[in-house]
Amino acid sequence: MPAEDSLKLLSPQKIVVLTGAGISAESGVKTFRDNDGLWEHHRIEDVATPEAFARDPELVQHFYNLRRAQLNDVAPNSAHHALAAFEQHFLQKTDNEFLLVTQNVDNLHDRAGSKNLLHMHGELALSRCINSGQIHQQKQPITPESRCTCCHINHNTLRPHIVWFGEMPLHMDTIYQALEQCDLFISIGTSGHVYPAAGFVEIARAAGAYTLEINLEPSQVNRLFHQHIQGPAGTEVPKILKTWQTI
């Protein structure tokens, strides 16, 4: 039986979707992680930790400036657009709930039109004042001369609004509450290596949700899903979401 036919037996009302690097890779977003584990020839400890920022803020800013600039060269793909369109349709019914959680720090889901969206690892298009904690739109590179608009101080008062290694992911209370109440959990383009996101499937299953993985290859937590669909997100996500378009 085709995957979409078996899924027609489900009538979900509360859906949580998790997306990872795989969905953005199909839009051409670089992962910045080389085969040897380095990020753009840098150790993670040198560019993606609070200690790295304190030690060499200009190096860290340069690394994220490169990633931010790449957003101008990529666009949402069919999977991003399908999720946004499905959300809009699905929420037309009063009792339905939908939450999209992404591990990605790009803005492709936002640009596709997703609304009920949480960036658990932060966003490249935002910066945060280290003094006030206020969050600002950030389109330009951050340099030592960049002036914070809330405290009007320059010299490294702004940092990327990114969750670095050793920091707590964002919106976790809201995410856990949604997982504990959902009846369908879909994971798209995730490796299953990074926690706490890799543990979301266990929480959803414990709540009685049906769990579905869509990925180019089985993730590290594949055995915990009820069903695995292998293939590119841009092809499989639109096809699978059509299963529930009449709900």
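Residues numbered from 1 in each chain as written. Predicted model: local features only at pLDDT ≥ 70, side-chain atom pairs only at ≥ 80, totals over all residues. Heavy atoms only, no water.

## A short note on the sheet that holds strand β4 (residues 122-129)
Moving on, step 1. Taking strand neighbours across the sheet as the criterion, the three strands line up as β5-β4-β6 in an open arrangement whose pairing is antiparallel. In this open sheet, the two edge strands, each paired with only one partner strand, are β5 (135-137) and β6 (158-162). Taken over all neighbouring pairs, the strand axes of this sheet differ in orientation by 45° on average, direction set aside.
Moving on, step 2. Where β4 meets β6, five bridges bridge the pair, whose relative direction is antiparallel. (Pairing = 2+ DSSP bridges. Helix = DSSP H or I, 4+ residues; strand = E, 2+ residues; numbered from the N terminus. Axes fitted to C-alpha atoms, helices over the stretch in contact; angles between N-to-C directions.)

## Remarks on the nonpolar core
Moving on, step 1. Core analysis: the biggest nonpolar cluster contains 23 residues, and L83, I186, I188 and V237 have the highest contact counts within it.
Moving on, step 2. Put simply, the parts of the chain that give this core at least two residues each are β1 (14-19), α6 (78-90), β2 (97-102), β7 (184-188), β8 (210-215) and α10 (233-241).
Moving on, step 3. Apart from residues no more than four positions distant in its own chain, V237 is found in contact with A79, A82, L83, I188 and I214.
Moving on, step 4. Membership of the second largest hydrophobic core comes to 21 residues, among which are M120, I175, A178 and A204. (Core = buried A, V, L, I, M, F, W, Y, C linked by side-chain atoms within 4.5 Å. Buried < 20%, exposed > 50% of the residue type's maximum accessible area, 1.4 Å probe, protein only. Contact = heavy atoms within 4.5 Å.)

## Notes on the sheet that holds strand β3 (residues 117-119)
Moving on, step 1. Judged by pairing direction, the sheet is parallel, and its six strands sit side by side in the order β3-β2-β1-β7-β8-β9 without closing on themselves. With one partner strand each, in any of the chains shown, β3 and β9 (227-230) form the two edges of the open sheet. This sheet shows a mean twist of 15° between the axes of neighbouring strands, independent of strand direction.
Moving on, step 2. Relative to β8, β7 is paired through five bridges, and the arrangement is parallel. Residue I188 lies in a different strand from β8, and its bridge partner there is I214.

## A closer look at α10
Moving on, step 1. Across the nine residues of α10, seven count as buried, placing the element largely inside the fold.
Moving on, step 2. Here α10 has its buried residues at A233, G234, E236, V237, P238, I240 and L241.

## A closer look at the pairing of β2
Moving on, step 1. In terms of burial, β2 is a largely internal element, five of the six residues being buried.
Moving on, step 2. Direction of pairing for β1 relative to β2: parallel, over a ladder of six bridges. Each bridged residue has a counterpart across the sheet, and for K14 the counterpart in β2 is E97.
Moving on, step 3. Direction of pairing for β2 relative to β3: parallel, over a ladder of three bridges. Across the sheet, T102 pairs through a bridge with H119, a residue of β3.

## Comments concerning the side chain of S24
Moving on, step 1. Here S24 shows up in helix α2 (residues 21-25).
Moving on, step 2. The buried category is assigned to S24, whose relative accessible area is 2%.
Moving on, step 3. Among all residues touching S24, those that are not within four sequence positions of it are V29, H80, N104, D106 and L108.

## Regarding the packing of α6 against α10
Moving on, step 1. For the pair α6 and α10, the least separation of the axes is 7 Å and the interaxial angle reads 20°. Between α6 and α10, the interaxial angle falls into the category roughly parallel. Our pair here, α6 against α10, has a crossing hand that is left-handed. When α6 is examined against α10, the residues S78, A79, A82, L83 and F86 are found in contact with a partner set consisting of A233, G234, V237, P238 and L241.
Moving on, step 2. Residue composition of the contact of α6 with α10, grouped by class: eight nonpolar, two polar and no charged. (Parallel < 35°, antiparallel > 145°, perpendicular 65-115°, else oblique. Left-handed = near helix turned anticlockwise from the far one by under 90°. Nonpolar A, V, L, I, M, F, W, Y, C, P; charged D, E, K, R; others polar.)

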